[in-house]
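# Results of the structural survey
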Amino acid sequence: MVDLTTSYLGLKLKNPLVASPSPLSEKVETVIQLEEAGIAAVVLHSLFEEQVIHESLELDHYLDYGTYSFSEALTYLPDTGRYSLSADRYIEHLHKVKEAVKIPVIGSLNGVSSGGWVKYARKIEDAGADALELNIYYLPFDPNLTSTDLEKTYVRLVSDVRSQIRIPLAVKVGPYFTGMANVMKQIVEAGANGLVLFNRFYQPDFDVDELEVSPNLVLSTSDELRLPLRWIALLYSQIKADFALTTGVHTARDVFKAMMAGASVAMMASELLKNKPGRVAEILVEMENWMVEHEYESIQQMKGSMSAQTTREPHALRRSNYIKVLSSFKYLP
Ligand SMILES: Cc1cc2nc3c(=O)[nH]c(=O)nc-3n(C[C@H](O)[C@H](O)[C@H](O)COP(=O)(O)O)c2cc1C
């Protein structure tokens, strides 16, 4: 038998497969199905800053009816589905999930500004979460906002959330930073125990008939794994944090790549949404078979084996890879 165990944020996990936030965690039954299929931990879908603010603005509105306009804030949120769930119902849901399963349950907060809403970090901890994932998503479209100011906003939010909780904290970010390695270092210094790389940005499309901006979500493919893979390989051992790879994990091979780059866990959303929770069991079998065939005894043994520090070709992860990749393309007229 091969040893699939890993540890992430101080949690001992039976394998490196973790369910990334998605609608799969909205129902307790689906989380139970994920557990039965063998998932090692689940990160709940996020509680959004806007949900918390929406709720408190509504409260202000009732207290001070007619004097306070909150209509703009209300337009942030779709009025159906989980985003209309009140923040306190999110906490209740987390509590129910926690009671229903034995695997670690990680809560998720999604926001960008420091402020009163971060108190929900503590509510998530009090509801029994084993850790918290903070997803910071901000689109810097203001030409007067400098990258330094933006980075400060991220770091401030991380330290604010850290100050609310004692449980481990992972921070999920996108790939668009000028000084990626330095920002990751600052986030860890501000109190993050883990880095979840990378947030997947959903680009809106244009409907040219209706002249509308149309959101439509396309699930990922394994090709998208390369961006987080490269960055984890570059940052592993330089930054003292656990890494979780998200975006593009669909197969056992994708999981191995994540481990070899240096990730402690591989997170999955698209694959499980497409092929249902039972897919976890198939991937685990594929992993065991491949590891036996390739004489690996444990996941630990492969962790970081292809990271920049360990690989025989660190330059292949850096700039020279660019020239090599371009010249590898053969144009056939
Ligand atoms: C329908 C859907 C809902 C999602 N909701 C959240 C969310 O609430 N919070 C979050 O941090 N990520 C959310 N994500 C992002 C996923 O957790 C994951 O990071 C992303 O889909 C990339 O992983 P994948 O390639 O396995 O899909 C969502 C993804 C999908 C497809």
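Up top you'll find the structure we're talking about.
Below you will find a few notes about this structure.

The rules behind the values
- Residues numbered from 1 in each chain as written.
- Predicted model: local features only at pLDDT ≥ 70, side-chain atom pairs only at ≥ 80, totals over all residues.
- Heavy atoms only, no water.
- Helix = DSSP H or I, 4+ residues; strand = E, 2+ residues; numbered from the N terminus.
- Rg over C-alpha atoms; globule rule 2.2 N^0.38 Å.
- Buried < 20%, exposed > 50% of the residue type's maximum accessible area, 1.4 Å probe, protein only.
- Contact = heavy atoms within 4.5 Å.
- Areas by Shrake-Rupley, 256 points an atom, 1.4 Å probe, with all protein chains shown as cover.
- Lys, Arg positive; Asp, Glu negative; His and termini not counted.
- Charge placed at Lys NZ, Arg CZ, Asp CG, Glu CD.
- Near = heavy atom within 4 Å.
- Polar contact = N/O pair within 3.5 Å; in protein donor to acceptor, adjacent residues only side chain to side chain.
- Nonpolar A, V, L, I, M, F, W, Y, C, P; charged D, E, K, R; others polar.
- Core = buried A, V, L, I, M, F, W, Y, C linked by side-chain atoms within 4.5 Å.
- Patch = residues over 30% accessible without salt bridge, like charges linked within 9 Å, V, L, I, M, F, W, Y side chains within 5 Å.
- Salt bridge = Lys/Arg side-chain N within 4 Å of Asp/Glu carboxyl O.
- Pairing = 2+ DSSP bridges.
- Right-handed = clockwise from strand over helix to strand, strands pointing away.
- Phe/Tyr/Trp six-rings, centres within 6.5 Å; stacked < 30°, edge-to-face > 60°.

## Some points on the overall build of the protein
- Per the secondary structure count, the protein includes 13 helices and 13 strands.
- The globule rule puts the C-alpha radius of gyration for 333 residues at 20 Å, and the 21 Å found for the protein is close to it.
- On the principal axes, the C-alpha backbone points of the protein span a range of 70 × 50 × 45 Å.
- In the protein, which comprises 333 residues, the proportion classed as buried is 49%.
- In the protein, of all internal contacts separated by at least 6 residues, the share reaching a separation of at least 24 is 70%.
- A total accessible area of about 17,400 Å² is found for the protein, and carbon and sulfur atoms account for 54% of it.
- Averaging the positions of the 32 positive and the 42 negative side-chain charges in the protein gives two centres separated by 8 Å.

## Notes on the environment of Thr30
- Tracing the sequence through the fold places Thr30 in helix α1 (residues 28–37).
- Its relative accessible area of 15% is what places Thr30 among the buried residues.
- Sequence spacing of Thr30 and Val97 is 67 residues, and the spatial spacing of their C-alpha atoms is 9.9 Å.

## What to know about the site of the ligand
- Around the ligand, 21 residues are found, and the nearest of them are Pro21, Ser46, Asn135, Ser220 and Ser270.
- At 2.8 Å from an oxygen atom of the ligand is found a side-chain nitrogen or oxygen belonging to Thr246.
- Note that an oxygen atom of the ligand is positioned 3.4 Å from one of the backbone N or O atoms of Thr247.
- When the ligand sits alone it has 610 Å² of accessible area, and the protein chains cover 93% of it.
- Across the shell around the ligand, the residue classes tally to eight nonpolar, 10 polar and three charged.

## Focus on the nonpolar core
- Membership of the largest hydrophobic core comes to 88 residues, with the highest contact counts inside it found for Met184, Ile187 and Met287.
- With seven residues, the top contributor of residues to this core is helix α9 (residues 252–261).
- Apart from the residues within four sequence positions on either side, Met184 is in contact with Val173, Phe177, Leu195, Leu197, Leu235 and Ile239.
- Core analysis: the second largest hydrophobic core is formed by 15 residues, Leu11, Ala41, Val265 and Met267 among them.

## Focus on a nonpolar patch on the surface
- Taken together, the side chains of Tyr137, Leu139 and Phe141 define a hydrophobic patch exposed on the protein surface, amounting to about 350 Å² of accessible area.
- With respect to the secondary-structure elements, Leu139 resides in the loop between β7 (131–136) and α6 (147–164).

## Let's talk about the environment of Leu273
- Residue position: Leu273 is located in helix α10 (residues 270–275).
- Sequence separation of Leu273 and Leu219 is 54 residues, and the distance between their C-alpha atoms is 8.7 Å.

## Describing the pairing of strand β13 (residues 265–268)
- Neither face of β13 is open: one carries Val265 and Met267, the other Ala266 and Met268, and all of them are buried.
- Here three bridges tie strand β3 (residues 17–19) to β13, and the two strands are oriented parallel to one another. In the strand pairing of β13, Ala19 is matched with Met268.
- By the bridge criterion, two bridges tie strand β12 (residues 242–245) to β13 in an arrangement that is parallel. What sits directly across from Ala244, in β13, is Val265.
- You can see the chain leave β12, run along α9 and come back into β13, and the turn it takes is right-handed.

## Notes on the pattern of salt bridges
- The full count for this structure, using the stated rule, is nine salt bridges.
- The residue Glu125 makes a salt bridge to Arg166 at a minimum N-O spacing of 3.4 Å. Residue Glu125 is located in helix α5 (residues 119–126), and its partner Arg166 is located in the loop between α6 and β8 (169–173); the two are separated by 41 residues in the primary sequence.
- According to the relative accessible area criterion, Glu125 is buried, its value standing at 11%.
- Measuring nitrogen to oxygen at the nearest pair gives 3.1 Å for the salt bridge that ties Arg279 to Glu286.
- On the basis of relative accessibility, which here comes to 31%, the residue Glu286 falls in the partly exposed class.

## Digging into the packing of aromatic side chains
- Across all of its chains, the model carries five aromatic pairs by this definition.
- Arranged with centres 4.8 Å apart and planes meeting at 40°, the rings of Tyr137 and Phe201 form a pair that is tilted. Of this pair, Tyr137 sits in the loop between β7 and α6 while Phe201 sits in the loop between β9 (194–197) and β10 (205–207), and the two are 64 residues apart along the sequence.
- When its relative accessible area of 18% is taken as the criterion, Phe201 is described as buried.
- Relative to Phe177, the ring of Tyr154 lies with its centre 5.1 Å away and its plane at 80°, an arrangement referred to as edge-to-face.

## Quick word on the environment of Thr310
- By the secondary structure assignment, Thr310 is in the loop between α12 (299–302) and α13 (320–328).
- Given the relative accessible area of 46%, Thr310 is considered partly exposed.
- With residues up to four places along the chain from it excluded, the contact list for Thr310 reads Gly304 and Ser305.

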